[in-house]
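Reading the structure
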Amino acid sequence: MTTSNPFFEPSDLPYELPPFARIRNEHFLPAFAHGIAEQLDEVAAIGACTEPATFENTVEALERSGAVLGRVSRVFFNKVATDTDEEIQAIEVEIAPRLAAHDDALLLDSALFARLDALFDRREQLGGDAEQVRLLERHHSNRVRAGARLAPEQQQRLRELNAAIAARSTEFGQNLRAATAAATLVVDRAEELSGLPADQIAAAAANARALGHEGKFALVLKNFSQQTELAALDDPALRERLLTASLGRGTETNGPVAVALAGLRAERAALLGHPSHAAWEVADRTAGTTEAVEELLGRLVAPATANAAREGAALAEAAGVEEVRAADWQYYSERVRKERFALDASVLRPYLELETVLHDGVFHAAELVYGITFTPRPDLVPYHPDARVYEVHDADGSPLGLYLGDFHARESKRGGAWMDALVPQSRLLGHQPVVVNNLNIAKPPAGEPVLLTWSEVNTLFHEFGHALHGLFSDVRYPLLSGTRVPRDFVEFPSQVNEMWADWPEVLAHYARHHVTGEPMPAELPARLREAENFGAGFRMVEHQAAAVLDWAWHTLAVGEAPGSDGAEAFEAAALERYGLALSAIPPRYRTGYFAHVFSGGYAAGYYGYRWAEVLDADTVRWFHENGKTIRESGEIFRRELLGRGGSVDPLEAFRAVVGRDPELAPLLARHGLDG
């Protein structure tokens, strides 16, 4: 049986890359069952140990447990996100509550907690190093927060709530995938797509063909509200249809699920001694309190809405209308950018070809800042033909890990962009990192170049920042590896990495015409930065609106959730309460498709993008003004922050780099906002 299932033994491939060529759907459930049973036995043995608790026989033993379950979980949930099918979705429905129950079994095991509690009480006398103390504190805190001190009958209710939350979260994600596919906008004639570049029209034709609409054109929805095609489509009626499809998806199926999840999370928080799910979550994040989050959100609303109002007035003047509709905002923004800044987004795209951006931009910046290099490994089989594998070497030539890139949209893949670790780094286990980036860039017909928008370029640099956080991890213990940091800190390194997209030396290296090889005209980057500032109000408002929606849902107390049909009314009231009910600027995510918070790990945490951007903007200023070379600065950032994972307090890591506490002014300046 050991040899029949590829998850039962460590992979013999370089860096223990999962053996994707041998993995089949039928391997998942047996591997989950085996892995769950194995880890329960391991934890039971730790708890039953008759020797006094030590760091090695309790904490370190816990870190070594669950090897099979870790391998199968990471591969399975990567497949759920990147290449799902009906069989995988059925397995997900079955396994989600079982995994929730397993987590409870680990976190609520009384014998294990007793040993951890005893060690925690004398942690300063154990003689461990700072990382070992941090690890013990995290294991202890995780269990206290999960209910280890509750009475047995309370723990039973907690288990029921966790199983229900897992099931509802899975339901939300699967509903959203179906709703997004159903909302694909199919048009009959190419003429209806007037304004779109030729390569995007060709991609729409290929999408339609793949969906069985031969001879037609399909606009497949991205996971956010404002679809990128809205900036180019000339037909106002088609723009309205596209935005309506985007804003409405998931409302009917996922509205009741969101209500249910909000209620379940509120009840769980109360059981754990907190007034709301947000209070429970934030207590373990860098923000610390709900008041700190609300202060940040509140401080940004007024300057953002004031700036958006100025932008809206400029758009209305350009359009010759009294007020600009939501579906027209991006279209007229492009007109203003052309007129005011002499910048046409379509002019940029020929200079932003995917392979050149990746190799001569993203990889080049990583070599410039950190000294690392990337070598294609076509001999290593990825999980999907669209993905590719690179081996990463450090500045001294030593092997660092593997990087997988999977950049194209497909029907079997969820929307959005993200990073995952297929093998998290750990010196204890002898693991070097294997990380993957996913984007959803439309795939053109075979042989055609993949031309990016400036937004997609930034997204690629952003997600690669997460990848660097995983690749540079240099810790002993898995729990503290890579991106295992507080949710409102995890976006910080990725947002910092966006700075290199328009860093002059980097931009000049990759922004070349895909046909002629000519560099991007020297005046375009400056005009691009000016044009980006023009849209800062809109971007801030749509993001703030999504953040306050998440916050409103998760600051509810027990019994305050609306009825099952009340999601839309609740959403409208929340936006009104926060001063963000602007008809021309819908939230970046509405409730029905807010996967971050209802099927991902961002519940009560979407504010974290802004919280992290405060740190990011301050760090970018440090890179510019610290008087060191880029390479010297990169080494400091890697050594003091990226490499430390969760082994140190995040804000201590920030201070070790910048030398002080973070300030808000650089963030406001970045977006052209008044404080």
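Refer to the structure above for everything that follows.
Residues numbered from 1 in each chain as written. Predicted model: local features only at pLDDT ≥ 70, side-chain atom pairs only at ≥ 80, totals over all residues. Heavy atoms only, no water.

The next point concerns the packing of helix α2 (residues 55-64) against helix α6 (residues 130-146). Packing of α2 against α6 brings their axes to within 11 Å, and their N-to-C directions diverge by 70°. Regarding the angle of α2 to α6, the classification is roughly perpendicular. Contacts between α2 and α6 involve F55, V59, L62 and E63 from the former and Q132, L135, L136, H139 and R143 from the latter. Tallied by class, residues from the contact of α2 with α6 come to five nonpolar, two polar and two charged. (Axes fitted to C-alpha atoms, helices over the stretch in contact; angles between N-to-C directions. Helix = DSSP H or I, 4+ residues; strand = E, 2+ residues; numbered from the N terminus. Parallel < 35°, antiparallel > 145°, perpendicular 65-115°, else oblique. Contact = heavy atoms within 4.5 Å. Nonpolar A, V, L, I, M, F, W, Y, C, P; charged D, E, K, R; others polar.)

A few words now on the side chain of Q155. By the element assignment, Q155 lies in helix α7 (residues 152-182). Residue classification places Q155 among the buried residues on the basis of a relative accessible area of 11%. Setting aside residues up to four positions removed in sequence, Q155 forms contacts with L108, G147, A148 and L150. (Buried < 20%, exposed > 50% of the residue type's maximum accessible area, 1.4 Å probe, protein only.)

Taken across its 10 residues, strand β5 (residues 399-408) has nine buried, putting it largely inside the fold. Where strand β4 (residues 388-393) and β5 come together, six bridges link them in antiparallel fashion. Bridge pairing links H393 to P399 in β5. Count of turn residues in the β4/β5 antiparallel hairpin: five residues, of which G397 carries a positive phi of about 90°. Here β5 runs beside strand β7 (residues 434-441); their pairing, made up of six bridges, is parallel. The partner of D406 across the bridge, within β7, is N438. (Pairing = 2+ DSSP bridges.)

It is worth spelling out the packing of helix α13 (residues 329-341) against helix α19 (residues 523-534) at this point. Between α13 and α19, the least distance of the axes is 10 Å, while the angle of their chain directions is 135°. Relative to α19, α13 is oriented oblique. Read as a crossing pair, α13 and α19 show a hand that is right-handed. Residues S333, V336, R337, R340 and F341 of α13 pack against R527, E530, A531 and F534 of α19. Here the contact of α13 with α19 is built from residues that sort into four nonpolar, one polar and four charged. (Left-handed = near helix turned anticlockwise from the far one by under 90°.)

This part takes up the packing of aromatic side chains. Here the structure, examined in full by the defined rule, presents 36 aromatic pairs. Seen in terms of ring centroids, F32 and F76 are 5.4 Å apart; in terms of plane orientation they differ by 85°. Their pairing is edge-to-face. Residue F32 is found in helix α1 (residues 28-48), and its partner F76 is found in helix α3 (residues 67-82); the two are separated by 44 residues along the sequence. Given a relative accessible area of 0%, F76 falls into the buried group. (Phe/Tyr/Trp six-rings, centres within 6.5 Å; stacked < 30°, edge-to-face > 60°.)

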